Amino acid sequence: MQFWFGFLLLFCGLSLHRIGPAFRRSNFGKPIMSLGLVLIFLPYGQLSSIEENLFDIMLDNLPWLILSMFGVYLVLYGSQIYWVNISPIKILGILLIATSWIYYFKFIFNSQKEDFSLVMANLLGMIFGLLYLIWIIKLVESHTPKVAESLPLSESEKKYITSILKRNLGGNKDED
Amino acid sequence: MKIEINDALSSVLDGCIFISLLFLIHLICSYHPYHRILPLLMGNVLFLLLVVSINYFTLNPESSLFYLLRESMSNSIISILYFSPFFYIFITFIIIKLFFRKRPEDPLLKLLD
């Protein structure tokens, strides 16, 4: 259970982080993600066959994924805006990316035992799911009632706005 | 042959279940007052129930519901891990392009010389 609870926390953390700084609860995104990763990678008890298989594959892939993520981050960090580059960081990033590819081809590429057709079928299912979700979002959006047009300004509102504009922008006093 | 088709169908449904569960978590976590969550939630839950029932009653009647959900999640995460190097090829290509990018010549700056 701890293993799947870790995944639940990881996905919750990702969603919370994704909603952005406009919502205060987005601050909890990263800590929840970290807690989820800890729960996933430090299993308390004996895992069953399904979880053990997944856990082993994740552990195998973890080194090259970490290397690649750090590499990409460093290259992006080194490529500053306004054309001011931090070349040593970029070079380090590229080296990490190269190392991740070397690691992948040396240790992972030949050891993968999954049936490629089943993997493709699974990805096809994910695409079907995504298409259904896009369709349902579009359907809901199209049935959302439009907001009614606001009424024109009343005489008192017009006077009030005119006074604000005159106070701030000046204007021709002769016209008053 | 029958087993293979069943396995492939089961894999397709596993992918649907995974995406549906992820979207369900995302909808709940990213709720805000200006969000019309109910129709999306209902549509997603109906889809999830449909996919789970097809998988449970038709393709895997001997396994338990909890086992089925765990298996779906596990298979989908493995598929993503298996397929991730293909995405990573594109990311590497973009990163290499970024690495060798040079500042384009600016005609306005040239006028200053």
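Within each chain, residue numbers correspond to sequence positions counted from 1 in written order. Labels are handed out in written order, letters beginning with A for the chains and numbers beginning with 1 for the ligands. Local features in a predicted model are, by the rule used here, given only for residues with pLDDT of at least 70; side-chain atom pairs are given and counted only at 80 or more, and totals for whole chains, interfaces and linings are based on all residues.

Colleague: Which parts of the structure should I look at to understand the overall build of chain B?
Modeller: The helix and strand labels rest on DSSP assignments: H or I over at least four residues marks a helix, E over at least two residues marks a strand, and numbering proceeds from the N terminus. If you tally the helices and strands in chain B, you get 4 helices and 0 strands. The N-to-C order of helical and strand elements in chain B reads α-α-α-α. For chain B, whose C-alpha radius of gyration is 23 Å, the value lies well above the compact-globule estimate of 13 Å for 113 residues. Overall, chain B is about 80 × 45 × 20 Å in size when its C-alpha atoms are taken along their principal axes. Here the C-beta atoms are placed from the backbone, and a residue counts as buried if at least 20 other C-beta atoms lie within 10 Å of its own, exposed if 12 or fewer do, and partly exposed otherwise. Burial status across chain B gives 27% buried among its 113 residues. When we talk radius of gyration, it's over C-alpha atoms, and the globule rule is simply 2.2 Å times the number of residues to the 0.38.

Colleague: Mind showing me how you'd approach the interface of chain A and chain B here?
Modeller: How big an interface is tends to be stated in terms of accessible area lost as the parts join. A pair of residues counts as a contact when their C-beta atoms, built from backbone coordinates, are within 7 Å of each other. Listed per partner, the contact involves 45 residues of chain A and 43 residues of chain B. Looking at the side of chain A that touches chain B, the elements that each hand over two or more residues are α1 (2-18), α3 (49-78), α4 (87-108) and α5 (116-142) of chain A. In terms of residue count, α5(A) provides more of the side of chain A that touches chain B than any other element does, 17 residues in total. Nonpolar residues are Ala, Val, Leu, Ile, Met, Phe, Trp, Tyr, Cys and Pro. Charged residues are Asp, Glu, Lys and Arg, and all others, Gly as well, are polar. Taken together, the residues of the side of chain A that touches chain B break down into 30 nonpolar, 11 polar and 4 charged.

Colleague: Help me out: how do you make sense of the nonpolar core in this one?
Modeller: Among soluble globular proteins, nonpolar side chains are generally buried collectively. B:Leu13, B:Cys16, B:Ile17, B:Phe18, B:Ile19, B:Val51 and B:Ile78 are the most contacted members of the largest nonpolar core, which has 21 residues in total. Elements with a minimum of two residues in this core: α3 and α5 of chain A together with α1 (2-29), α2 (37-59) and α3 (65-99) of chain B. Residue contributions to this core peak at 8 residues, all from α1(B). Setting aside its immediate chain neighbours within four residues, B:Ile78 contacts A:Leu54, A:Ile57 and A:Glu114. Take the buried Ala, Val, Leu, Ile, Met, Phe, Trp, Tyr and Cys residues, join any whose C-beta atoms are within 7 Å, and the set you get is a nonpolar core.

Colleague: Sorry if this is basic, but what is going on with the confidence of the model for chain A here?
Modeller: Close reading of the predicted structure is inappropriate where its pLDDT is low. As a per-residue measure, pLDDT tells how confident the predictor is, with possible values from 0 to 100. For chain A, mean pLDDT is 86; residues scoring 70 or higher make up 94% of the total. Taken element by element, chain A is modelled with least confidence in helix α6 (residues 155-169) of chain A, mean pLDDT 88, and with most confidence in α5(A), mean pLDDT 92.

Colleague: Can you walk me through α3(B) in this structure?
Modeller: Along an α-helix, a turn takes 3.6 residues, which lines up residues three or four apart on a common side. All names here are of chain B. Under the convention used throughout, the expected extent of a helix is 1.5 Å for every residue step, that is, one less than its residue count. In this model α3 runs 49 Å from its N-terminal to its C-terminal C-alpha over 35 residues, within 8% of the 51 Å that 1.5 Å per residue would give. Of all bends in α3, the biggest is about 40 degrees, found at Phe83, and the proline Pro85 comes one to four residues later. When α3 is considered as a whole, its buried residues turn out to be Ser72, Met73, Ser74, Asn75, Ser76, Ile78, Ser79, Leu81, Tyr82, Pro85, Thr92 and Ile95. The seven residues ending at a residue and the seven starting there each receive a fitted axis; the angle between those axes is the bend at that residue.

Colleague: Whenever I open this one, the domain arrangement of chain A confuses me. Can you help?
Modeller: These domain limits were set by an automatic method or by a database of domain assignments. For chain A, the domain assignment lists domain 1 (1-45) and domain 2 (116-140). Relative to domain 2 of chain A, the C-alpha centre of domain 1 of chain A lies at a distance of 24 Å.

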